[in-house]
2 protein chains.
Amino acid sequence: MNASIQNRYPLAGPAKIEINDVAPRDGLQIETFIVPTGGKVAFVDALAHCGFARIEATSFTSARAIPALADAEAVMHQIERVPGVAYTVLVPNLRGLERALSCRPDEVNLVMSASETHNRANLRMTREQSKAQLLAMIAEAGKAGVPVNVSLSTVFGCPFEGEVDEAEVMALAHGFAEAGTAGITLCDTTGMAYPNQVAALCERFRRELPDTGLTIHLHNTRGMGLANAMAAWQTGVTRFDAAAGGLGGCPYAPGASGNVSTEELVHMFASMGVDTGIDLDRLLGVVGGVSELVQRNVPSQLLSAGPRLRTHQPPGWMAEFFAGAD
Amino acid sequence: MNASIQNRYPLAGPAKIEINDVAPRDGLQIETFIVPTGGKVAFVDALAHCGFARIEATSFTSARAIPALADAEAVMHQIERVPGVAYTVLVPNLRGLERALSCRPDEVNLVMSASETHNRANLRMTREQSKAQLLAMIAEAGKAGVPVNVSLSTVFGCPFEGEVDEAEVMALAHGFAEAGTAGITLCDTTGMAYPNQVAALCERFRRELPDTGLTIHLHNTRGMGLANAMAAWQTGVTRFDAAAGGLGGCPYAPGASGNVSTEELVHMFASMGVDTGIDLDRLLGVVGGVSELVQRNVPSQLLSAGPRLRTHQPPGWMAEFFAGAD
């Protein structure tokens, strides 16, 4: 169990958190520009040296479905395996699992949606079909001795259906936990989550499934990304997905921002005294290179403003104006 | 005392909050384009009909210091006085107070910085000089029977000095409370606040000065605006400054965003079941006109993405693809 940050503050939560940077997969997969393999490898390696607990390095989807990540094997073979970093990869089906396992990932991440319409739109399967497929993959990965994480999309709301029933989310979570998944990620796929909703679901998940690793995956589509992260943290959540530079996004919310930005998540928790394991200055250096990597301007608020204690020189006129005032 | 939102959720806070839209003053004062008086009046009136508890309508600063708000009297004389809305105005000095009082504001808002360097840079006075001036203004406003609010800048950090001592903030707050100010606003002028810091200072303020109205003024410079609002709310804070469209900002953090956007604050708290008094759809209509008002593109994440339950049509191919699947 983690120690708790309480000090003199009325807000309490775990003293240490772990961050999974999903930008190499969740971010690069929707970029118009297809990043060359060398760029992907350099990106993953640069992130690995920032101190991440976990990096979602690529996806073993078919090259037809996601051309941007057609080089998954090459990326996995060329990246440095930095000690202490778990390299996870997204796997959509048994064929992808076979490909993934040949690359020795530290974990495979499976995905389906909590809402029927989003599952059909995103995965072209019914939820029943997806669930059966995921259970088969969990069994296969188990034989290979590779831990599985299941990412459940749209658990805080569906862009087609609206509200999603918490009971349906928990039924899926229980099913996958019983099948032996090591972890489950609750994903706010289109930024519909709000703080007390996040807290309620996280609290229920941790109470009902205390032995299943819980990760929260948040988007900042409606500005609530960090508020939702705080809500999860206050219920004891220690694992967060985030994307360097806030890459990623949702095709159904055009113009809206994507994943919670890793640098802002790290900056907030570090300011609060929470140990994130991440070297923020080093991370900001990586974020500074993201625009060139994806060949478009990726604004980062934190990169523009600087960490909170980066101070500025007072105006030059002040010294003379206030001469003798002290 | 306010009722508390608890329901089934682990996060608790007041069931009702009040929002002060500061965009007409704090936003328009730094725009390059000087909004004509008619535009300002229309903006204030449109906000008033959204249900705000308070609107900071203008500033009685000298026209030389802030040319954009040189028409303060005209604005105050031309706006509609919507019942239930308190119209507050910023006042920098006794001359400004005299001008302001001639316009029958519901409140005057005075300002000084908690940090010496920022006070000198922003107000061209030492803190001692500012404090003396504010005390004189509190006395004058008291004679006129107009309530005073004091906004303390840089209480969560100074862009020149870094950390600001909580004890110095509280000493200023106690001084103004004793002098008879009705309310005090704690301002995160350049977005340096982080959640447990906000919670700690709010908790201390409410404990030590339970009879002084406390407002929190947050910026989103480093992405923490709504997380900080949540932290304040969890300690019982019910009054928030915010700016429609996220107008405003800080000259010392170029490229960074400004005030917490009113629409995102309202959307978050309304999603949580907190009564904000604001008609969000109507407010989004006003926000949609802000770019034209200030003659530059003012992106609003929430306006782009829509409120969380604004659902979308599923892709057209789905019906045929899944025919018979149900």
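Note: the structure precedes this text.
Here the structure is a predicted model, which means the values were calculated and not measured.

**Here we look at the pattern of salt bridges**
All names here are of chain A. One pass over the full model with this rule turns up 30 salt bridges over all chains. Lysine 16 is the partner of aspartate 275 in a salt bridge, and the nearest nitrogen-oxygen pair spans 3.8 Å. Taken together, the residues span a long stretch of sequence, with aspartate 275 in the loop between helix H10 (262–271) and helix H11 (280–288) and lysine 16 in the loop between strand E2 (13–14) and strand E3 (18–21) at a distance of 259 residues. A relative accessible area of 38% places aspartate 275 in the partly exposed class.

**Notes on the nonpolar core**
In terms of nonpolar packing, the biggest core is built from 206 residues, with Leu186(A), Phe269(A), Leu186(B) and Phe269(B) touching the most fellow members. Not counting residues within four places of it along the chain, the set of residues in contact with Phe269(A) comprises Ile17(A), Ala229(A), Met230(A), Trp233(A), Phe240(A), Val274(A) and Thr276(A).

**Section: the sheet that holds strand E8 (residues 183–187) of chain B**
Residue and element names in this part refer to chain B. Spatial strand order, E3-E4-E5-E6-E7-E8-E9-E10: 8 strands in a closed barrel with parallel pairing. This sheet shows a mean twist of 25 degrees between the axes of neighbouring strands, independent of strand direction. Two elements, strand E6 (residues 107–113) and strand E7 (residues 148–153), share 6 bridges in a ladder whose sense is parallel. The residue bridging leucine 110 from the neighbouring strand is valine 150, located in E7.

**Overview of the packing of helix H9 (residues 225–234) of chain B against helix H10 (residues 262–271) of chain B**
All names here are of chain B. With their axes 11 Å apart at the nearest point, H9 and H10 run at an angle of 50 degrees to one another. Comparing the axis directions of H9 and H10 gives the class oblique. Remark: the crossing between H9 and H10 carries right-handed chirality. Contacts between H9 and H10 involve Leu226, Ala229, Met230 and Trp233 from the first element and Glu264, Leu265, Met268 and Phe269 from the second.

**Notes on helix H7 (residues 166–178) of chain A**
Residue and element names in this part refer to chain A. Taking 1.5 Å of rise per residue, 13 residues should cover 18 Å, and H7 covers 18 Å from first to last C-alpha, within 8% of that figure. Buried residues of H7: Glu166, Val169, Met170, Leu172, Ala173, Gly175, Phe176 and Ala177, and no others. In the core, the buried residues of H7 are packed alongside strand E6 (107–113), helix H6 (127–144), strand E7 (148–153), strand E8 (183–187) and helix H8 (195–208). At the N-terminal end of H7, a side-chain oxygen is found 3.0 Å from the backbone nitrogen of alanine 167, two or three residues along, and the residue is aspartate 165.

**Focus on helix H7 (residues 166–179) of chain B**
All names here are of chain B. With 14 residues, H7 should reach 20 Å at 1.5 Å per residue; the first-to-last C-alpha distance of 20 Å fits that figure. Residues of H7 that are buried in the fold lie against E6, helix H6 (127–144), E7, E8 and helix H8 (195–208). Note on H7: the residue one or two positions beyond its end, glycine 180, has a positive phi of about 105 degrees.

**A short note on the relation of the copies chain A and chain B**
Of the transformation placing chain A onto chain B, the axial shift is 0.0 Å and the rotation is 180 degrees, giving an RMSD of 0.0 Å. The two molecules are tied by a two-fold rotation axis, judged by turn and shift. Residue Ala227(A) of chain A places its C-alpha closer to the rotation axis than any other residue of that unit, at 1.9 Å. The fraction of interface residues of chain A whose copies in chain B are also interface residues reaches 100%, indicating that both copies meet through the same surface.

**A closer look at the interface of chain A and chain B**
How large an interface is tends to be reported as the accessible area lost when its parts come together. With 68 residues of chain A at the interface, the matching set in chain B holds 68 residues. Both sides together, the interface formed by chain A and chain B hides about 5600 Å², and carbon and sulfur atoms give 62% of it. Here chain A and chain B share 2 salt bridges between them. The salt bridge partner of Glu163(A) is Arg308(B), with a shortest N-O separation of 2.9 Å. Joining chain A to chain B, the criterion identifies 16 residue pairs in polar contact (both at pLDDT 80 or more).

**Quick look at the packing of aromatic side chains**
Inspection of the entire model under this criterion finds 8 aromatic pairs over all chains. Between Trp317(A) and Phe321(A), the aromatic rings sit 5.4 Å apart at their centres with planes inclined by 85 degrees, giving edge-to-face as the arrangement. Centre to centre, the rings of Phe240(B) and Phe269(B) are 5.5 Å apart; their planes meet at 40 degrees, and the pair counts as tilted. Residue Phe240(B) is located in strand E10 (residues 239–242), and its partner Phe269(B) is located in helix H10; the two are separated by 29 residues in the primary sequence. Taken individually, Phe240(B) and Phe269(B) each receive the classification buried, so the pair is uniform in this respect. Taken together, Trp233(A), Phe240(A) and Phe269(A) form an aromatic cluster joined through their ring pairs. The cationic tip of Arg120(A) hangs over the ring face of Phe322(B); the distance from NZ or CZ to the ring centre is 4.7 Å.

**Topic: the sheet that holds strand E9 (residues 213–217) of chain A**
All names here are of chain A. Within the closed barrel, the 8 strands sit side by side as E3-E4-E5-E6-E7-E8-E9-E10. Their pairing is parallel. Between one strand and the next, the sheet's axes are offset by a mean angle of 25 degrees, whatever the strand orientation. When strand E5 (residues 86–90) meets E6, the two strands line up parallel, connected through 3 bridges. Residue pairing across strands places leucine 90 opposite asparagine 109, the latter belonging to E6.

What counts and what doesn't
- Throughout this description, residue numbers start from 1 for each chain and increase along the sequence as written.
- For naming, the first written chain is A and the first written ligand is 1, with later ones following in the order written.
- Residue-level local features of this predicted model are given only where pLDDT is at least 70; pairs of side-chain atoms are given and counted only at 80 or more, and the full residue set underlies all totals for whole chains, interfaces and linings.
- Excluding hydrogens and water, the side-chain values take into account all heavy atoms of the structure.
- A carboxyl oxygen of Asp or Glu within 4 Å of a side-chain nitrogen of Lys or Arg is what we treat as a salt bridge.
- Comment: elements are numbered from the N terminus, with helices defined as DSSP H or I runs of at least four residues and strands as E runs of at least two.
- Three exposure classes are used, based on accessible area relative to the maximum for each residue type with a 1.4 Å probe and protein chains only: buried under 20%, partly exposed in between, and exposed over 50%.
- Side-chain atoms within 4.5 Å are what join buried Ala, Val, Leu, Ile, Met, Phe, Trp, Tyr and Cys residues into a set we call a nonpolar core.
- Contacts are residue-level and defined by heavy atoms, with any inter-residue pair within 4.5 Å sufficient.
- In short, DSSP must find at least two bridges between two strands for them to pair.
- Each axis is a line fitted through C-alpha atoms, taken for helices only over the stretch in contact, and angles between the N-to-C directions span 0 to 180 degrees.
- To sort the angles, those under 35 degrees are grouped as roughly parallel, those over 145 as roughly antiparallel, those from 65 to 115 as roughly perpendicular, and the leftovers as oblique.
- Crossing chirality is assigned from the near helix's rotation relative to the far helix, an anticlockwise turn below a right angle marking it left-handed and a clockwise turn marking it right-handed.
- Each helix should span, by expectation, one fewer than its residue count multiplied by 1.5 Å.
- Side-chain atoms alone can form a polar contact between residues adjacent in sequence; in general such a contact is a pair of N or O atoms within 3.5 Å, and within protein one must be able to donate a hydrogen while the other accepts it.
- The copies were overlaid with a least-squares fit restricted to C-alpha atoms from residues scoring a pLDDT of at least 70 in each copy.
- Values labelled buried area give the accessible surface lost by two parts on being combined, using a 1.4 Å probe and summing over both.
- Centres within 6.5 Å are what make two rings of Phe, Tyr or Trp a pair, Trp counting through its six-membered ring; a difference in plane orientation under 30 degrees is then read as stacked, over 60 as edge-to-face, and the rest as tilted.
- Only lysine NZ and arginine CZ atoms are considered, and such an atom sits over a ring when it is within 6 Å of the ring centre and within 35 degrees of the ring normal.

Keep in mind these numbers describe shape, not what the thing actually does.
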